[in-house]
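# Coordinate inspection notes
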Amino acid sequence: QAVEHRQFWKDYPRFDGPQLDLTGIDWLIAGAESGHGARRMDPDWVRDLRDAAEASGAAFFLKQFATPKGRKIPLPELDGRQWKQMPAAAAAREPVA
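This report concerns the structure included in the present document.

Cut-offs applied
Residues numbered from 1 in each chain as written. Predicted model: local features only at pLDDT ≥ 70, side-chain atom pairs only at ≥ 80, totals over all residues. Heavy atoms only, no water. Helix = DSSP H or I, 4+ residues; strand = E, 2+ residues; numbered from the N terminus. Expected span 1.5 Å × (residues − 1). Buried < 20%, exposed > 50% of the residue type's maximum accessible area, 1.4 Å probe, protein only. Arc of directions from axis to C-beta. Core = buried A, V, L, I, M, F, W, Y, C linked by side-chain atoms within 4.5 Å. Contact = heavy atoms within 4.5 Å.

With that settled, consider helix 1 (residues 43-56). Compared with an ideal rise of 1.5 Å per residue, which puts 14 residues at 20 Å, helix 1 spans 20 Å between its outermost C-alpha atoms and is within 8% of the ideal. Within helix 1 the residues assigned to the buried category are Trp45, Val46, Leu49, Arg50 and Ala53. The buried residues of helix 1 occupy an angular sector of 140° when projected down its axis, which confines them to one face. Remark: Gly57 follows helix 1 within two positions and exhibits a positive phi of approximately 85°.

Of all hydrophobic cores here, the largest spans 17 residues; its most connected members are Leu28, Val46, Leu49, Phe60 and Leu62. At the level of elements, strand 2 (27-31), helix 1 and strand 3 (59-66) are the ones that each hand at least two residues to this core. Top contributing element to this core by residue count: helix 1, with 4 residues. Once residues lying within four places of it in the same chain are set aside, the contact partners of Leu62 are Ala30, Gly31, Val46, Leu75, Pro76, Leu78 and Trp83.

This part covers unusual backbone geometry. A positive phi angle, near 45°, is found at Leu75, a position not held by glycine. You can see Leu75 is positioned in the loop between strand 4 (72-74) and strand 5 (77-78). Positive phi outside glycine occurs at Asp79, with the angle close to 55°. By the secondary structure assignment, Asp79 is in the loop between strand 5 and strand 6 (81-82).

Structural measurements only, silent on function.
Here's what the structure looks like:
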């Protein structure tokens, strides 16, 4: 059985804005820091990542936001929906509810 090779990019907040090349990336995963000392994540930064993923054809998965005290908010909504996309071949094997 052949093993499928996937390229993914997991991104946590940067404070200089997203300047990335997603060439060859199948899946972009983004999420906020959590726990004591977690820094605020700007939703516009996440939107920029989502838009870059869509423009490049990469799947986009928003893992989590965090409260001001650092508590995780798993699978949050961004612009009225959850972003739990999977790369095309993986999505065909594993449906996401």
